[in-house]
Amino acid sequence: MAESVIENYTVGWICALQEEYEAACRMLDDEFEPPDKLNIDIKDDNIYEYGMINGHYVVIGCLPSGRSGVVSAAIVAKDMARSFPNLRFALMVGIGGGAPTLERDVRLGDVVVSQPEGDLGGVVQFDLGKRFQIGGGIRGNGEGADEVLFKRTGQLNSPPAVLLGAMPRLLRLHRDTRKPDKLAEHIKLMDDMPSFRRPDWDVLYKTHYLHQSAGKTCQNCQKDQIVQRQPRPGNREVMIHYGTIASSNMLMENAVERDRYAKELGVICFEMEAAGLMNNLPCLVIRGICSYSDSHKNDEWNNYAALTAAAYAKELLSTVRHAKVKEMPSWAGKFQISKQMVGAPPLPPPSNIQRFAEGGPSIYQVYT
Ligand SMILES: [Zn+2]
């Protein structure tokens, strides 16, 4: 059977979280047993699933539970390259934090796709180990918060041309409201799972207004601090945004910094894995927006955002022809984990800032 041939697999689909993995598996047209001759390294503890979308053989690789970040993503990609010699590119599919601006109306559940803009290649990495190095810049009264600087550490490669070439058509079909809403059709593939349904509320707070509770819900946050937004026009529930994604080992939960990155670099999304891949293999980053990268972040939208990102990935693979992909060179044997990926370890936060996130390092917002 063709599906048992390891050399057939040309597309890697990489995810990090359980909900991303579940959504990815639901997008497969067919699921296959592990291929014959599969030689998974004893040290390779990633989870793999196998299947097909629109004639593409797809191997889904998920980071082991509890591991995320730039280096972990690089390791799963390296493991995949070793086990699947004919992979042509990877899709990094999962959730991320949005950076809404007046120009870019990014909302929860939308999808952001890495696309080169200006002199940026679609993903920028910044070294958060240097986040607090201007010691004294954050003063106890909150003044000086705007002086805090990130250092952008490098330029990352652009996504493969075969994928970029498919985007204009995808965008046109999605914008044309007379056409079928393919994303909505793919999203329906998880209709049987209530936990993946679209949450009811989508609230964006003003930039300088901080979350008012040690808990995750915003029930103590003031309603007059909510940004008033018009309902979305048209009949598309999920919008797609193409542009620059910022990647680092830390979670962005700081609306002031979010807005600065949006203004200065045109960043529309923050995430934690892509920088581990972009300079080492042809890769496109697809992120469902689960938060506004601020102190009000909670997990309510994670499942649905993972689903919308997976739905976009399916639609992309449904648009790209298999023959075009096969023409690309494989990336086996070319993979290296660079020192830059590892980066500096995060520094502890200054004592005058409050942290609400659990489970990992974050970028904090100073109380004012
Ligand atoms: Zn809140």
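Note on numbering: residues in each chain are counted from 1, in written sequence order. With pLDDT at 70 or above as the cut-off, local features in this predicted model cover only qualifying residues; side-chain atom pairs require 80 or more to be listed or tallied, and sums for whole chains, interfaces and linings still use all residues.

Strands are runs of DSSP state E lasting at least two residues, helices are runs of H or I lasting at least four, and both sets are numbered from the N terminus onward. A count of helices and strands for the chain gives nine helices and 15 strands. Taking all 368 residues of the chain together, the buried fraction comes to 45%. What counts as a contact here is a pair of residues whose C-beta atoms, placed from the backbone, lie within 7 Å. Within the chain, residue pairs in contact and separated by at least 24 positions form 80% of the contacts whose partners lie at least 6 positions apart. Neighbour density around each residue's C-beta defines its exposure: 20 or more other C-beta atoms within 10 Å make it buried, 12 or fewer make it exposed, and counts between make it partly exposed, where C-beta atoms are placed from the backbone.

Working convention: axes come from line fits to C-alpha atoms, limited for helices to the stretch in contact. Angles between N-to-C directions cover 0 to 180 degrees. The N-to-C vectors of helix H1 (residues 18–26) and helix H7 (residues 302–319) enclose an angle of 40°; their axes lie 8 Å apart at closest approach. Taken together, the axes of H1 and H7 are oblique relative to one another. The interaxial crossing formed by H1 with H7 has right-handed handedness. Every residue of H7 that contacts H1 at Glu19, Glu20, Ala23 and Ala24 is listed here: Asn302, Asn303, Ala306, Leu307 and Ala310. Between 65 and 115 degrees an angle is taken as roughly perpendicular, under 35 as roughly parallel, over 145 as roughly antiparallel, and anywhere else as oblique. If you view the pair so one helix is near and one far, a crossing is left-handed when the near helix is turned anticlockwise from the far one by less than a right angle, and right-handed when it is turned clockwise.

Take H1 next. All of the buried residues in H1 are Glu19, Glu20, Tyr21, Ala23 and Ala24. On the buried face of H1, the contacting elements are strand S1 (11–15), strand S3 (47–53), strand S4 (56–62), strand S5 (89–98) and H7.

Turning next to the environment of Tyr242. Note that Tyr242 resides in strand S9 (residues 240–247). Residues Tyr242 and Val112, 130 residues apart in the sequence, show an inter-C-alpha distance of 5.8 Å. Apart from the residues lying within four places of it in its own chain, the contact partners of Tyr242 are Val113, Gln115 and Met167.

Our next topic: the nonpolar core. Ranked by internal contacts, the top residues of the largest apolar core, which has 90 residues, are Met92, Ile286 and Ala313. Top contributing element to this core by residue count: H7, with 11 residues. The nonpolar core is taken to be a set of buried Ala, Val, Leu, Ile, Met, Phe, Trp, Tyr and Cys residues joined by way of C-beta atoms within 7 Å.

Quick look at the environment of Glu257 now. Tracing the backbone through its elements, the reader meets Glu257 in helix H6 (residues 255–265). The class of Glu257 is buried, set by 26 C-beta atoms lying within 10 Å.

Here we take up the environment of Asn8. On the secondary structure map, Asn8 appears in the segment before S1. Considering only alpha carbons, one finds Asn8 and Val58, 50 residues apart in sequence, at a separation of 8.9 Å.

Our next topic: the pairing of strand S11 (residues 267–271). Each regular strand shows side chains that alternate between the opposite faces of the sheet. Along S11, five of the five residues are buried, which leaves the element largely enclosed by surrounding structure. At least two DSSP bridges between two strands are required for those strands to pair. Strand direction decides the pairing type here: S5 and S11, joined by two bridges, are antiparallel. Within the sheet, the bridge partner assigned to Gly98 lies in S11 and is Cys269. Bridge count between S9 and S11: four bridges; the pairing is parallel. Bridging across to S11, Ser247 finds its partner in Glu271.

So, about the pairing of S3. Direction of pairing for strand S2 (residues 30–32) relative to S3: antiparallel, over a ladder of three bridges. Looking at the pairing, Glu31 lines up with Gly51 of S3. Where S3 meets S4, seven bridges bridge the pair, whose relative direction is antiparallel. Among the inter-strand pairings, Glu49 is bridged to a residue of S4, identified as Ile60. In this structure, the hairpin formed by S3 and S4 is closed by a connection of two residues, where Asn54 is found at a positive phi of approximately 50°.

The next thing to look at is the confidence of the model for the chain. Summarising the model, the chain shows a mean pLDDT of 81, and 79% of its residues fall at 70 or more. One confidence number per residue, pLDDT, is output by the predictor and ranges from 0 to 100. Mean pLDDT per element in the chain: strand S13 (residues 353–354) is the minimum at 30, and H7 is the maximum at 97. When the criterion is pLDDT under 50, residues 128–149 qualifies, and its contacts beyond four places in sequence or with other chains add up to 38 contacts. Note on residues 339–368: pLDDT is under 50 here. Beyond four places in sequence and across chains, it has 75 contacts.

Within the chain, Asn54 stands out as a residue other than glycine whose phi angle is a positive 50°. Among the secondary structure elements, Asn54 is positioned in the loop between S3 and S4. A count of 15 C-beta atoms within 10 Å places Asn54 in the partly exposed class.

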